[in-house]
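An overview of the molecular structure
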Amino acid sequence: MLLHNCQLSINSVKVKLNGGSSWTYSFLSGYLEKPIYTKLDKNLCLNIKYKIQMMDAQLRKHKVLSQIDAFAQIDYSLVSSPAVFKSHINLDLKGTVYPAGNHTDPPFVPAPFALSNQGDSMLYLGVSSYFLKSASLAYYRAGAFNITVSKEIALSYITACPVLLKLMATSPPAVSLNADRCILHITGRVEVFAVLPNSATQFIFTGNLTATTRANLTITKQKLIISLLLKRLQFSLLQSSLGFSEQMSLVENFLSYALRSTVIPVINDKLGKGFPLLNLAHTTLAGPVIKIN
């Protein structure tokens, strides 16, 4: 950021001292007006130039790439020069999430969007659906949605043994933003095994599932935290070693419980590290409010 020009014209400076109408106050007021006028006239443009140079230095040191966790990184590079207006400055940032070490751009492009102009907050940060979709794709490519959990959940109508559950995402979770809601649809394949007393595993069944989850968004310590809550589950059986196709409601109940108690907490633990938000000039967010459009 560069200062091209600064022009200053001061018509007059009036100093008023609280304390009465004594001739002493009148004398001091007149004595102070001239040096204040001179200081403003000579130094205000210099100070503005200095502040802009400081802001430029902060932008030059802006950390472009931030590590989220072992799975992903986020690119906050500027995609255009800062746009300076009378009352505010707009910074257009990339906001793309990549798998760690793989910076291949997603096969979709961001749509332009505008920020609210309410003017009752000092900072507005817009996070687009592109940001969330790129995060979904990055974690999918990094294998974060492939989860294996062993749980002491007994399928009493099938086996009394502990259960080993493998969930493999077959596509990146689809993200949809509605009024005050963020929904993630997770599509994958699930395999369930019985863990025998000798630690060997015995295949029970496999099938396709679609889980609809609501994403709760919060901001804590300069990070956007996403946590999932299971809302609905659809399951279709592909293969079974025990032939319980007539007991599908029991299977769906088991999977729903397993997802809520084991799989979703594992995903939330991975997402719990949070997405680091833009931090310019040591800005600290106070009283952040999230609104989904």
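Residues numbered from 1 in each chain as written. Predicted model: local features only at pLDDT ≥ 70, side-chain atom pairs only at ≥ 80, totals over all residues. Heavy atoms only, no water.

In the nomenclature of an unreviewed UniProt entry, the protein corresponds to Bactericidal permeability-increasing protein from the organism Mycteria americana. Per its UniProt entry, the protein bears the Function (unreviewed entry) comment "The cytotoxic action of BPI is limited to many species of Gram-negative bacteria; this specificity may be explained by a strong affinity of the very basic N-terminal half for the negatively charged lipopolysaccharides that are unique to the Gram-negative bacterial outer envelope." Of the comments in the UniProt record for the protein, the one headed Subcellular location (unreviewed entry) reads "Secreted". (UniProt positions renumbered as here; feature names shortened; annotations may be inferred.)

1. So, the overall build of the protein
The helix and strand inventory of the protein stands at three helices and twelve strands. Here the protein has a C-alpha radius of gyration of 29 Å; the compact-globule value for 293 residues is 19 Å, and the former is much larger. Overall, the protein is about 100 × 45 × 35 Å in size when its C-alpha atoms are taken along their principal axes. Residues counted as buried form 33% of the 293 residues belonging to the protein. Look at the contacts in the protein between residues 6 or more apart in sequence, and 60% of them connect residues 24 or more apart. Looking at the protein as shown, the accessible area adds up to about 18,300 Å², and 54% of this sits on carbon and sulfur atoms. (Helix = DSSP H or I, 4+ residues; strand = E, 2+ residues; numbered from the N terminus. Rg over C-alpha atoms; globule rule 2.2 N^0.38 Å. Buried < 20%, exposed > 50% of the residue type's maximum accessible area, 1.4 Å probe, protein only. Contact = heavy atoms within 4.5 Å. Areas by Shrake-Rupley, 256 points an atom, 1.4 Å probe, with all protein chains shown as cover.)

2. Some words on a nonpolar patch on the surface
Together, Leu8, Trp23, Phe27, Leu28, Tyr31, Leu32, Ile36, Leu40, Leu44 and Ile48 make up an exposed nonpolar region whose accessible area comes to about 950 Å². A relative accessible area of 35% places Ile36 in the partly exposed class. (Patch = residues over 30% accessible without salt bridge, like charges linked within 9 Å, V, L, I, M, F, W, Y side chains within 5 Å. Salt bridge = Lys/Arg side-chain N within 4 Å of Asp/Glu carboxyl O.)

3. What to know about the pattern of salt bridges
Under the defined criterion, the tally for this structure stands at two salt bridges. For the salt bridge of Lys94 with Asp75, the shortest nitrogen-to-oxygen distance reads 3.9 Å. Taken together, the residues span a long stretch of sequence, with Lys94 in the loop between strand E4 (89–90) and strand E5 (96–99) and Asp75 in strand E2 (residues 72–75) at a distance of 19 residues. A relative accessible area of 11% means that Asp75 is categorised as buried. Taking the shortest distance from any N to any O, the salt bridge between Asp105 and Lys94 comes out at 3.7 Å. Here the residue Asp105 occupies a position in the loop between E5 and helix H2 (129–141), and Lys94 occupies one in the loop between E4 and E5, the gap between them amounting to eleven residues.

4. A word on the environment of Ser121
If you trace the backbone, Ser121 turns up in the loop between E5 and H2. Among the residues examined, Ser121 registers a relative accessible area of 41% and is labelled partly exposed. Ser121 sits 168 residues away from Val289 along the chain, and the two C-alpha atoms are 9.7 Å apart.

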